[in-house]
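# What the coordinates show
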Amino acid sequence: MSGAIKLSSGYEMPMVGLGVWRMEGKSIRDLILSAIKIGYRHFDCAADYQNEAEVGEALEEAFKSGLVKREHLFITTKLWNSDHGHVLEACKDSLKKLRLEYLDLYLVHFPVATRHTGVGTTASAIGEDGVLDIDTTISLETTWHAMEDLVSKGLVRSIGISNYDVFLTRDCLAYSKIKPAVNQIETHPYFQRDSLVRFCQKHGVCVTAHTPLGGAAANTEWFGSVSCLDDPTLKALAEKYNKTVAQLILKWGLQRNTVVIPKSSKEERLRENFQVSDFTISDDDMDKIKAIDRKYRTNQPAKFWGIDLYA
């Protein structure tokens, strides 16, 4: 077990979780039940993944069969871009699908409000010009205050942000009554983002790495990106520690005090990704990994949105 990190909200979040992005409906049940048996207690979901209902069925089965108690799991899901003006309804919709009374963490998925397409529908709101239909009437501050209301209503224990840069995170800290507990971002050895990670941690915002292995084969398939899993420096270090490259990278993430939520659809990988607490990467080797940063983002939603929000 790799321990837990205490959030600014006072709750603890397990430092290794399982992301359910791109997990297909039928296999989800077996994967989640297997993950719980292996020891996973943290599951990262999102309305946009369009599998909350299947995750909910698996969780309900885990609770009913006595495999695990609800209070021993940490469940995250996320507000989609088109629901910024309908935060309460979107949260309730996710809770209903997940068959839960409350969420441990609810995140603003991206710092952009788009045209509302109906709660529970998460296709990107693309305009006739083929470009994302951004709603310029809803500020992120308005969205955040609606997120805060979820905490006072008891629907959500902790709230946070996702894919926010230093400026947007700073703004959120300035206007928030309840500080964002987490900023979930892409970060891995090829995209280390030390300035953002350090800024968040300095101000009590826990960083979760949503693409801790660089997206691997899935992002290569979707975005044509290169994976750090094939990096010669990382391969040599993994051999030195007698670990897989994935285990080395996840350990590097944990030693930066970031939470990691690798995704896998294979049970042996689930097990492997969870077994990272029995070794420590030396400072010298952490420096070697630091030196391979390429400032290389693999997750490129511009491919679907017709606009590069990171430009």
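Residues numbered from 1 in each chain as written. Predicted model: local features only at pLDDT ≥ 70, side-chain atom pairs only at ≥ 80, totals over all residues. Heavy atoms only, no water.

If you check an unreviewed UniProt entry, the protein chain appears there as NAD(P)-linked oxidoreductase superfamily protein from Rhynchospora pubera. What UniProt records for the protein chain under Sequence similarities (unreviewed entry) is the sentence "Belongs to the aldo/keto reductase family." (UniProt positions renumbered as here; feature names shortened; annotations may be inferred.)

## A few points about helix H6 (residues 194–202)
Within the span of H6, buried status applies to Leu196, Val197, Phe199 and Cys200. Along the axis of H6, the buried positions cluster into a sector of 165 degrees, meaning they face one direction only. Turned more than 90 degrees away from the buried face of H6, the exposed residues are Ser195, Arg198 and Lys202. Buried residues belonging to H6 abut helix H5 (166–175), strand S8 (182–185) and strand S9 (206–209). Of the residues flanking the end of H6, it is Gly204, one or two places downstream, whose phi is positive at about 75 degrees. (Buried < 20%, exposed > 50% of the residue type's maximum accessible area, 1.4 Å probe, protein only. Helix = DSSP H or I, 4+ residues; strand = E, 2+ residues; numbered from the N terminus. Arc of directions from axis to C-beta. Contact = heavy atoms within 4.5 Å.)

## Here we look at helix H11 (residues 283–290)
Considered for burial, the residues of H11 that qualify are Asp285, Met286 and Ile289. All buried residues of H11 fall inside an arc of 105 degrees around its axis, so they share one side. Across from the buried face of H11, at angles greater than 90 degrees, the exposed residues are Asp283 and Asp284. Among the structural elements, helix H8 (232–240) and helix H9 (245–255) are those in contact with the buried residues of H11.

## A look at the side chain of Asn81
Mapped onto the fold, Asn81 is located in the loop between strand S5 (74–79) and helix H3 (87–98). Taking the relative accessible area as the measure of exposure, Asn81 reaches 1% and is therefore buried. Among all residues touching Asn81, those that are not within four sequence positions of it are Phe110, Val112, Ala113, Thr114 and Trp305.

## Description of the UniProt feature "binding site: substrate" (unreviewed entry) in the protein chain
UniProt marks His109 with the feature "binding site: substrate" (unreviewed entry), using the numbering shown here. Residue placement: His109 occurs in the loop between strand S6 (103–108) and helix H4 (140–152). Ignoring any residue separated from it by four or fewer positions in sequence, one finds His109 in contact with Ala46, Asp48, Tyr49, Lys78, Leu79, Trp80, Ser162 and Asn163.

## Things to note about the nonpolar core
Looking at soluble globular proteins, one finds that nonpolar side chains tend to be buried together. Met13, Tyr40, Phe43, Tyr106 and Met147 are the most contacted members of the largest nonpolar core, which has 79 residues in total. Not counting residues within four places of it along the chain, the set of residues in contact with Tyr40 comprises Val16, Gly17, Leu18, Ala35, Leu73, Leu270, Asn273 and Phe274. Counting residues in each nonpolar core, the second largest holds eight residues, with Ile185, Val197, Cys200 and Val207 among its members. (Core = buried A, V, L, I, M, F, W, Y, C linked by side-chain atoms within 4.5 Å.)

## Notes on unusual backbone geometry
Positive phi outside glycine occurs at Arg99, with the angle close to 60 degrees. Residue position: Arg99 is located in the loop between H3 and S6. With a relative accessible area of 42%, Arg99 lands in the partly exposed category. Phi at Asn257 takes a positive value of approximately 70 degrees, unusual for a residue other than glycine. Structurally, Asn257 is set in the loop between H9 and strand S10 (259–260).

## Focus: the pairing of S5
For S5, the tally of buried residues reaches six of six residues, placing the bulk of the element in the interior. Bridging between strand S4 (residues 42–44) and S5 involves three bridges; their strand directions are parallel. For His42, the partnering residue across the bridge sits in S5 and is Phe74. For the crossover from S4 across helix H2 (residues 52–64) to S5, the handedness is right-handed. Examined bridge by bridge, S5 and S6 share four bridges and lie parallel to one another. Note on S6: the bridge partner recorded for Lys78 is Leu107. The handedness of the S5 to S6 crossover, carried by H3, is right-handed. (Pairing = 2+ DSSP bridges. Right-handed = clockwise from strand over helix to strand, strands pointing away.)

## Structural notes on the sheet that holds S8
A sheet is described by the order of its strands in space; here eight strands give the open sequence S3-S4-S5-S6-S7-S8-S9-S10, paired in parallel fashion. Since the sheet does not close on itself, it has two edges, and those belong to strand S3 (18–19) and S10, each with one partner. Against the sheet, H6 engages S8 and S9, with an angle of about 165 degrees to S8. (Axes fitted to C-alpha atoms, helices over the stretch in contact; angles between N-to-C directions.)

## Structural notes on the packing of aromatic side chains
Under the defined criterion, the tally for this structure stands at four aromatic pairs. Here Phe110 and Trp305 contribute two aromatic rings whose centre-to-centre distance is 5.0 Å and whose plane-to-plane angle is 75 degrees, an arrangement assigned as edge-to-face. Within this pair, whereas Phe110 is found in the loop between S6 and H4, its partner Trp305 is found in helix H12 (residues 302–305), the two being separated by 195 residues in sequence. Taking the relative accessible area as the measure of exposure, Phe110 reaches 10% and is therefore buried. Residue placement shows Arg70 over the ring face of Tyr102; its charged tip is 4.0 Å from the ring centre. Above the plane of the ring of Tyr310 lies Arg297, whose end atom (NZ or CZ) is 3.4 Å from the centre. (Phe/Tyr/Trp six-rings, centres within 6.5 Å; stacked < 30°, edge-to-face > 60°. Lys NZ or Arg CZ within 6 Å of the ring centre and 35° of its normal.)

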